[in-house]
Amino acid sequence: MAAAPPKKILLAALFHETNTFVETKTSLKDFQVARDKELLARLGDDSPIDGFLATANAFGWQVIPTVDFRATPSGPVDQEVLETFWTEFRPQLVEALSHGLDAIYLILHGAMSTALHPDAEGELLERIRHVPAAENIPVYAVLDLHANVSDRMAKHATVLIPYRENPHTDARETAVRGARLLRRALADNKPPRMYYRHSRILLAPPHTGTSEPFMKSLEALARSLEVTGGHEEIAIAAGFAHADTADTGLSFWVVSHQAEAACTDVLDMLVDEAHELLPGLEQETWSVQAALDEISKSRKFPALLVEPSDNIGGGAAGDATFLLRALLEHPVGKTGVILNDPEAVETLQAHALGDTVRLRLGGKGSSMDPGPVELEVTLVSRSDGHFDLEDKQSHLASMGGSKIAMGPCAVVRHGELILLLTSKKTPPFDLGQWRSQGFDPGAFDVLTVKAAVAHRRAYDPITASSFLVNTPGSCSSDLFSLPYKNLKRPITPLDQG
């Protein structure tokens, strides 16, 4: 008896977390693009694509690679990006369908927005369904935990599979889990159904950490209900609050072969639990000066100053100068600061190591910033900015694998202040960022990170104290300060009372 032919699975990726409050647009040139066999070459890079490819190989599937567009979180995406992706992807989908295709597997973020299509992933999924012969084909899509999932996404996908951890240590494993769910559906020739519900809750990024009581409790409930109810997947997407879209916020869905009533009961329980947990949703924050005073008083080193409002992983510029200014006025020992400043790096290319240079540092990416800091610094080193993740499960691996490019970099010194200047925004989620430049992050007295949660896996083990500081910015955790126009209302906490 002849062996059954291998299952044919079409693979594509479109990955961007869009902060609609950032002032600068994200254009096609900001995206890294991989095509055809370049996707297959990602096997072994610890990304979600790697997780899918390794599992597909184990299952004996024939993977048909198409195109992968991805960019670091940033401002609103030009419509050209979505249209270019679709122009490249659609003919390959049509060709694959003409020769027999068993499923489509997508690596998405779930919070990509263009001016014309605020729900870019919903638009993409609907377009796929309108391609002849793709109306009923299984479409499985991996999502970031911070996806803003819409009814439209849930309607046009067969199954959505989100990360369960923040920091995203499970991004690769999520793609593996999704492939296993797809294999089960193909073997049974019976895909599950998906039931979706928005919670009408908006979470600031610091509240989306899965080690915090709110998300930890919801995750525990979901896993318990998944087992007792015999469901394939009970999913939670914390949402990305810095996207002004109708569907922004916390959502749930159930993937199951069980009766609809059983699935909607699960959704009721999850939504009710989320609202009951809200009163405990508090996190201590500090003014910059109060944090510096406490560090000076306690002497618990290394101390970490965390600045969510300039969170690179949330799309901010990564060059705000609030902390730099405060540290210059009130120095507290050996201090490490990372700024994304391609102009300063370019200026330093003309100087020799050891030169003293006056630079305009940071303050170029947001009108909310007081502007660049003019500072006399000594050039310590330059590099190409490449490094390998020390932690292969780092949050950074979810964005593009374990090989990181910060662009050309320079390290400068001003007294006890060490500044690592990058020319490509690089979220501070792995200690290899500092070590690649010859510095032990644990040897600093004070470190600053432009992040909200995802830095914690790397920095918590090496720091003795941590302070979440309040500064203005496009990633502010003060949701009342953000000018929402498109968000569907009412929603908690904006419309409480």
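Check the entry above for the structure.
Below is a short write-up of the structure. (Residues numbered from 1 in each chain as written. Predicted model: local features only at pLDDT ≥ 70, side-chain atom pairs only at ≥ 80, totals over all residues. Heavy atoms only, no water.)

## Some details on the side chain of R70
Rule in force here: Per the convention used, a helix needs a DSSP run of H or I reaching at least four residues, while a strand needs a run of E reaching at least two, with both numbered from the N terminus. The rule is simple: take the accessible area with a 1.4 Å probe, protein chains only, and divide by the maximum for that residue type; under 20% is buried, over 50% is exposed, in between is partly exposed. Residues adjacent in sequence count toward polar contacts only when both atoms are side-chain atoms; beyond that, a polar contact is any pair of N or O atoms within 3.5 Å, and within protein one must be able to donate a hydrogen and the other to accept it. In what follows, a contact means two residues having at least one pair of non-hydrogen atoms within 4.5 Å.
Note that R70 resides in strand 3 (residues 62-70). Classification of R70 by relative accessible area gives buried; the value is 7%. Polar contacts involving the side chain of R70 include one to the main-chain carbonyl oxygen of M399, which spans 2.7 Å. In contact with R70, not counting residues within four places along its chain, are A13, F15, D30, F31, Q32, R42, I49, I107, S398, M399 and G400.

## Details of helix 8 (residues 260-277)
Along an α-helix, residues three or four positions apart point the same way, because every turn accommodates 3.6 residues. Here is the rule we go by: The span one expects for a helix is its residue count, reduced by one, times 1.5 Å. In this description, the arc belongs to the directions extending from the helix axis to the C-beta atoms.
For helix 8, with 18 residues, the first-to-last C-alpha span of 26 Å sits near the 26 Å given by 1.5 Å per residue. Regarding helix 8, the residues found buried are C263, V266, L267, L270, V271 and A274. For helix 8, the buried positions fall inside an angular range of 130° around the axis, keeping them on one side. Residues of helix 8 that are buried sit in contact with strand 7 (193-198), helix 7 (213-229), strand 8 (233-237) and strand 9 (251-256).

## Section: the packing of helix 3 (residues 79-98) against helix 4 (residues 120-129)
Each pair of packed helices gets described by two things: the angle between the helix axes and the distance between those axes. Heads up, the rule is: To get an axis, fit a line to the C-alpha atoms, keeping to the stretch in contact for a helix; angles then go from 0 to 180 degrees between the N-to-C directions. Small angles under 35 degrees read as roughly parallel and large ones over 145 as roughly antiparallel, with 65 to 115 read as roughly perpendicular and the rest as oblique. Crossing chirality is assigned from the near helix's rotation relative to the far helix, an anticlockwise turn below a right angle marking it left-handed and a clockwise turn marking it right-handed. Note on residue classes: Ala, Val, Leu, Ile, Met, Phe, Trp, Tyr, Cys and Pro are nonpolar, Asp, Glu, Lys and Arg are charged, and everything else, Gly too, is polar.
Packing of helix 3 against helix 4 leaves a shortest axis separation of 11 Å and a crossing angle of 25°. Of the possible angle classes, the one that applies to helix 3 and helix 4 is roughly parallel. As helix 3 packs across helix 4, the resulting crossing turns out to be right-handed. Here helix 3 contributes Q79, L82, E83, F85, W86, F89 and L93 to the contact with helix 4, which in turn contributes E123, L124, R127 and I128. When the residues that make up the contact of helix 3 with helix 4 are grouped by side-chain class, the tally is 7 nonpolar, 1 polar and 3 charged.

## Re the layout of surface pockets
Applicable threshold: A cavity here means a set of points on a 1 Å grid, drawn over the protein atoms and nothing else, where a 1.4 Å probe fits but cannot get out; a pocket is an open set with protein on both sides within 12 Å along at least five of seven lines, and a residue lines either one if it has an atom within 4 Å of a point. Grid points are joined across faces, edges and corners, and a volume is the space filled by probe spheres set on the points.
What the second largest pocket holds in volume is close to 410 Å³. Along the wall of the second largest pocket there are 22 residues; nearest its centre are A204, H207, L281, S477 and P493.

## Structural notes on the nonpolar core
Under the convention used in this document: Among the buried residues, those of types Ala, Val, Leu, Ile, Met, Phe, Trp, Tyr and Cys that are joined through side-chain atoms within 4.5 Å form a nonpolar core.
Residues F52, Y105, I128 and W253 are the most contacted members of the largest nonpolar core, which totals 119 residues. At 8 residues, helix 3 tops the list of elements feeding residues into this core. The contact partners of Y105, leaving out residues within four places of it in the chain, are I9, L10, L11, A12, F52, Y140, V142, T174, A175, G178, A179 and L182.

## A look at unusual backbone geometry
With glycine set apart, most residues show a phi of negative sign, and most peptide bonds adopt trans. The omega torsion of the bond from R489 to P490 falls at 0°, within 30 degrees of zero and hence cis. With respect to the element layout, P490 can be found in the segment after strand 19 (465-468). Of note, the amide linkage connecting T492 to P493 takes the cis form, showing an omega dihedral of 10°. With respect to the helices and strands, P493 occurs in the segment after strand 19. Of note, R299 is a non-glycine position whose phi angle comes to about 60°, a positive value. Mapped onto the elements of the fold, R299 is located in the loop between helix 9 (288-298) and strand 10 (303-306).

## Thoughts on the packing of helix 2 (residues 48-59) against helix 6 (residues 171-188)
It is at 7 Å that the axes of helix 2 and helix 6 come closest, and there the two elements cross at 35°. Crossing angle aside, the handedness with which helix 2 passes helix 6 is right-handed. In this structure, helix 2 contributes P48, D50, G51, F52, A54, T55 and F59 to the contact, and helix 6 contributes A171, R172, A175, V176, A179, R180 and R183. Across the contact of helix 2 with helix 6, the residue classes break down as 8 nonpolar, 2 polar and 4 charged.

## As for the sheet that holds strand 17 (residues 417-422)
Sheets are built from strands that pair by backbone hydrogen bonding, the pairs being arranged parallel or antiparallel. As a reminder of what qualifies: One requirement defines pairing of two strands: DSSP has to find at least two bridges between them.
Spatially, 12-13-16-17-11-18-10-19 is the arrangement adopted by the 8 strands of the open sheet, whose pairing is mixed. Strands with a single pairing partner mark the edges of an open sheet, and in this sheet they are strand 12 (356-361) and strand 19. On average, adjacent strands in this sheet sit at an angle of 30° to one another, irrespective of strand direction. Bridge analysis of strand 13 (residues 373-383) against strand 16 (residues 409-414) gives 5 bridges, and the strand direction is antiparallel. Looking at the pairing, L379 lines up with V412 of strand 16.

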